[in-house]
Each structure stands twice: as C-alpha cells, then as structure tokens.
Amino acid sequence: MSVAGHALDGHSGNHHPEIRHQFDDLTQQHETYTLGMWAFVVQEIMFFSGMIMAYFVFRYKFFEAFVDASNHLNIYMSTFNTVVLLGSSFTMALAVRAAQLGQKDRLVQFMVATLLLGGVFLGVKGYEYNDKYQNNLIPGYNFEWTTSSSFGTYSEGADHVPLSASSGAPINYADFETQVSVFYGFYFILTGFHALHMVVGAGIILVLMWLSWKDHFSPEYYVPIEMFGLYWHFVDIVWIFLFPLFYLIDRYHSLGGH
Amino acid sequence: MEHHVIPIKTYVIILVALLCLTAATVTVSFMPISPALHMMGAIIIAAVKTSLVVLYFMHVKYNDHVIWAYAGLGFLFVIFFFIILLGDYVALLNSLSPSTYAEPFDLF
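Heads up: these notes are all about the structure in this document.

Moving on to the overall build of chain A. Helix and strand content of chain A: 7 helices and 0 strands. Secondary structure of chain A in N-to-C order comes out as α-α-α-α-α-α-α. Sequence separation of at least 24 residues holds for 75% of the intrachain contacts in chain A that already meet a minimum separation of 6. By element, 62% of the accessible surface of chain A is carried by carbon and sulfur atoms, the whole surface being about 10700 Å².

Here it is, written out as structure tokens:
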C-alpha cells in the first residue's frame, strides 16, 4: 500500500495486512466478525428449535410410542458419542487457545484431534443408522415396528393393547406403529441435520488446518479459527439437547418399571 | 488488541463438569419419576451444559456486552416461541384430541 493510500485510510500505525479497509483496527474487526458469527449461530438455533418444537408437540401427543421408540435406541453408543463430541469441543477450545498464543504446532494438533473425534462420532452415527436400516426402522421406506411395548404386549391385529399409561385407553396397533414411525422421522431428520452440520464442519476444519500449516494465522489474526470454534461448539450444543430428547425418554421403562 | 486467554485448567474443569452433567442426565432418565419431571430434568441439565459451553468454550463470558446481549436474546427468543406455541398446542390438543390416540399425561 502506498504512503498516500495509508494516509487516506486515516489509520495511524497498527496496520496489519489482514485488516479489511472498512475497519479501524484489528479489535474492531474482531468484534464485528464475532457479532456476525453470533448472528449466524442464533439463526441456526432458530432452525433447529423449530424442529425440536414440532418434536415436543408429538412427544406430548404420542407419549407411549415415543417412550417405547426411545428405549429401543442404543444408550451405550449415544452416551459414548456424547462424550466424544464434548471431547471434540474441548480440543477445539484448546485449538483456539493455541491460536491466541501463536502455538502453530499445537493449533494443528488440536484441530487434528477435533477432526478425529468428529470422525468417530460420525462413524458411530453411521453404524446406528445402518442398524436402523437392518431392523426396518426407516419411516416411509421399510418401517415395521415389532418390538414389544413396555406398556403391555401386543401383536398385529390385536387392537386392545398396549394401554395408555395415563388414561388407560387402548391404543390400536396400527396407530401405535404410525406413532413410533413419527418418532423415528424426527430422529432421522434432527440427527441427520446435526450430522450434516458436522460433515460441513469437518470440511471447513480441513481447510483451516491447511491454512494454519501455511502460517496464515498469527496471535493478531486468527479470526477464522475462532469463528469455526463458535460453529463447532454450536453443533455440540445441538447434540446436548438431541441426546436426552431422543435417547433418554423415561428410560426406567426399560428396567421394567412403569 | 488484547484477547483474554483462558487457562487450560478452566477448560479442563468445564469438560469435567460437562461429563458429570452427561452422567447426571442419563441417571435422571432411569429414575422412577413422572414424565414431566423427566422432561424438566433433561431440559434443565441440557440448559446448564449449554450455558457452560456458551460462557467458556464460546468465550461469551469474556466478550463484549453486545455479544452477551445477542447470544442471550437468541436463546430468549427460542424460549418465547416454545412457551407461546406449546401453550397453544397443549390447549388445542386437549380440546381436539381424537379418542383413538393416547391422552396427554398429567403434569404432576
């Protein structure tokens, strides 16, 4: 940049090559980026909360079916996955910290760890999806609900069991199967969108790893790392809610209690 | 420009807290309590976990007040939507519920 151009900018000193011309300094640029990223995150929260809202309506309406369907999901894998995802959020937070301190090697290492943990999560998720496919639990494709209910036993054609735990009213088998398929519909859409966000995140982190390796970032300028951190933590928050909402509905029914 | 660098120890404490809360939410789901309490337990624990992630991992605790307001308002809006819409749905479902479906559970 020419001396004249610099004078026109109205800046005095502190001229980092990564400052875009509409910003006075790195601090202002950083705060603006952070606010913009939060606008995106808040928008994403709205996106997921709409679907979770619909989930609550149907959970209230088809409560028994939701309990049975939830108890059928694999609690070990999902708890493991929760721990893995919390761990990846932790390593991402440490990656941002390494970027703040200009520790390039640790920055890349922590991002590799984040990517690996994200990969483990998606792998387990893929295994679970395959399990649902093998057991004919894909709504609209091959859905068939043959698991016995924790609210009573039933078989196809029998239309008096299970009984609704709250009102004692009989639930028709075909209705019950439809209600369970509604649960699985929500399960696939919400965990599917969550997994999609993780796949997108994995792509972004690969680019950031490359840029970090190429010394693109410094303690003065690491905004992309921090913004990606916000995104990754947001994905973690979505899972924090999806985990109890899908996997942990009244689990004590699986212990034989009512 | 100054950035608040959080010590690694703080991050470790937050991670341990998040793992403990995960254990807590699993434990609560196995307790023989009413469906409404299950729901409340799950949501309250998830909200606490979210607060920890937002405040420490996402640095909101150390950010500008504008970010505070922005993040806070986002979550506040979600709570508003839920209260307004769910209140409406609960009232409607109770009056329109076809008899073939399960009745909604009692709250307490």
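That covers the picture; the talk isn't over yet.
Another point: the pattern of salt bridges. All names here are of chain A. Using the criterion set out here, one finds 3 salt bridges over all chains in the structure. Ionic pairing is found between Lys104 and Asp215, a salt bridge with its closest N-O pair at 3.5 Å. Residue Lys104 is located in helix H5 (residues 104-134), and its partner Asp215 is located in the loop between helix H6 (173-213) and helix H7 (223-247); the two are separated by 111 residues in the primary sequence. Linking Lys132 and Asp131 is a salt bridge whose minimum nitrogen-to-oxygen distance equals 3.7 Å. When its relative accessible area of 3% is taken as the criterion, Lys132 is described as buried.

Let's shift gears to the nonpolar core. Trp38, Phe183, Tyr184, Ile225 and Phe246 of chain A together with Met58 of chain B are the most contacted members of the largest nonpolar core, which has 99 residues in total. The element contributing the most residues to this core is H7 of chain A, with 18 residues. Other than its neighbours up to four places away in sequence, Met58 of chain B contacts Trp38, Val41, Leu230, His233, Phe234 and Ile237 of chain A together with Val53 and Asn63 of chain B.

What follows concerns the interface of chain A and chain B. When the parts come together, some accessible area is lost, and that loss is often what is quoted as the size of the interface. Contacts between the two partners involve 65 residues from chain A and, on the opposite side, 61 residues from chain B. Surface buried jointly by chain A and chain B totals about 5600 Å² across both partners, of which 78% is contributed by carbon and sulfur atoms. Broken down residue by residue, the surface that chain A buries against chain B is led by Trp38, Tyr60 and Lys61 of chain A, which jointly contribute 14%. Linking chain A to chain B there are 0 salt bridges. The interface formed by chain A and chain B contains 6 residue pairs in polar contact (both at pLDDT 80 or more). Those elements giving two or more residues to the side of chain A that touches chain B turn out to be helix H2 (26-61), helix H3 (63-72), helix H4 (75-100), H6 and H7 of chain A. With 20 residues, the single largest contributor to the side of chain A that touches chain B is H2 of chain A. Taken together, the residues of the side of chain A that touches chain B sort by class into 38 nonpolar, 15 polar and 12 charged.

Put simply, H7 of chain A and helix H2 (residues 35-57) of chain B touch, their axes get as near as 9 Å, and they point 170 degrees apart. Judged on the interaxial angle alone, H2 of chain B and H7 of chain A are roughly antiparallel. Two secondary-structure elements touch here, H7 of chain A through His233, Asp236, Ile237, Ile240, Phe241, Pro244 and Leu245 of chain A and H2 of chain B through Ala42, Ile43, Ala46, Ala47, Lys49, Thr50, Val53, Val54 and Phe57 of chain B.

Scoring rules and cut-offs
- Residues numbered from 1 in each chain as written.
- Chains lettered and ligands numbered in written order.
- Predicted model: local features only at pLDDT ≥ 70, side-chain atom pairs only at ≥ 80, totals over all residues.
- Heavy atoms only, no water.
- Helix = DSSP H or I, 4+ residues; strand = E, 2+ residues; numbered from the N terminus.
- Contact = heavy atoms within 4.5 Å.
- Areas by Shrake-Rupley, 256 points an atom, 1.4 Å probe, with all protein chains shown as cover.
- Salt bridge = Lys/Arg side-chain N within 4 Å of Asp/Glu carboxyl O.
- Buried < 20%, exposed > 50% of the residue type's maximum accessible area, 1.4 Å probe, protein only.
- Core = buried A, V, L, I, M, F, W, Y, C linked by side-chain atoms within 4.5 Å.
- Buried area = accessible area lost by both parts, 1.4 Å probe.
- Polar contact = N/O pair within 3.5 Å; in protein donor to acceptor, adjacent residues only side chain to side chain.
- Nonpolar A, V, L, I, M, F, W, Y, C, P; charged D, E, K, R; others polar.
- Axes fitted to C-alpha atoms, helices over the stretch in contact; angles between N-to-C directions.
- Parallel < 35°, antiparallel > 145°, perpendicular 65-115°, else oblique.

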